Amino acid sequence: MSQYKQISIEDFTYNLPDERIARYPLEKRDDSSLLVYRQGTIRKDNFYNIAGKLPPDSLVVFNNTRVVQARLLFQKETGARIEVFILEPHGPVKDIQQAFQQKNRSSWFCLVGNAKKWKEGELTLPTSKGMCLKARKGEKLRDGYIIHFSW
């Protein structure tokens, strides 16, 4: 957990309007936007032009990760909002892909915003699929908490 020593949940708070978030890939993926930085200037282009932007002998590394909804907003019956930002799985399954395939329960190392208002008990979050996600605050670590999720 030492890689998270100098961060707090406030580091991830910023205004991002919903209309700026790509929910689905374009039908023609290479029509996606490409930001090009050259000599201090950033300009917008299309991904299909990337070959012409790379110098000879460039190393291209492909990132095939998926973006997951890592920020969960719970609301207590008192009205207090508790923000849980999941960072990495916590035993016995350490691999993110396997952790997301767990059934019924999973534990994660998390940052918790407004943690002082969550003294005990479970928080619940209804999902769009008719289920209910429950969170129980576990061990307090130096940089965050272990949160036990069940559904």
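Presented here is a report on the structure given in the accompanying data block. (Residues numbered from 1 in each chain as written. Predicted model: local features only at pLDDT ≥ 70, side-chain atom pairs only at ≥ 80, totals over all residues. Heavy atoms only, no water.)

**Side note on the environment of Leu-111**
Operational definition: Strands here are runs of E lasting at least two residues and helices are runs of H or I lasting at least four, both read from the DSSP assignment and numbered beginning at the N terminus. Only protein chains enter the calculation, and the probe is 1.4 Å; a residue is then buried if its accessible area is under 20% of its type maximum, exposed if over 50%, and partly exposed in between.
Its location among the elements puts Leu-111 in strand S5 (residues 105-113). Look at Leu-111 and you get buried, because its relative accessible area is 4%. Each C-alpha atom of the pair Leu-111 and Ile-50 lies 37 Å from the other, and the pair is 61 residues apart in sequence.

**Some details on unusual backbone geometry**
Of note, the phi angle at Asn-104 is positive, near 80 degrees, even though the residue is not glycine. In this structure, Asn-104 sits in the loop between helix H1 (96-100) and S5. Even without glycine at this site, Asn-114 takes up a positive phi of about 70 degrees. Mapped onto the fold, Asn-114 is located in the loop between S5 and strand S6 (122-126).

**Let's talk about the pairing of S6**
Where we set the bar: Strand pairing is assigned whenever DSSP identifies at least 2 bridges connecting the two strands.
Alignment of S6 against strand S7 (residues 132-140), held across five bridges, turns out to be antiparallel. Bridged to Leu-125 within S7 is Leu-133. Counting the residues in the hairpin turn of S6 and S7 gives five residues, including Gly-130, whose phi is positive at 80 degrees.

**What to know about the pairing of S5**
Counted residue by residue, S5 has eight buried out of nine residues, so it is predominantly covered. Two strands pair when backbone bridges link them, and strand S4 (residues 81-89) and S5 are joined in this way by six bridges, in the antiparallel orientation. The residue bridging Glu-83 from the neighbouring strand is Gly-113, located in S5. Relative to strand S8 (residues 145-150), S5 runs antiparallel, the two being bridged by six bridges. Paired with Cys-110 across the bridge in S8 is Tyr-145.

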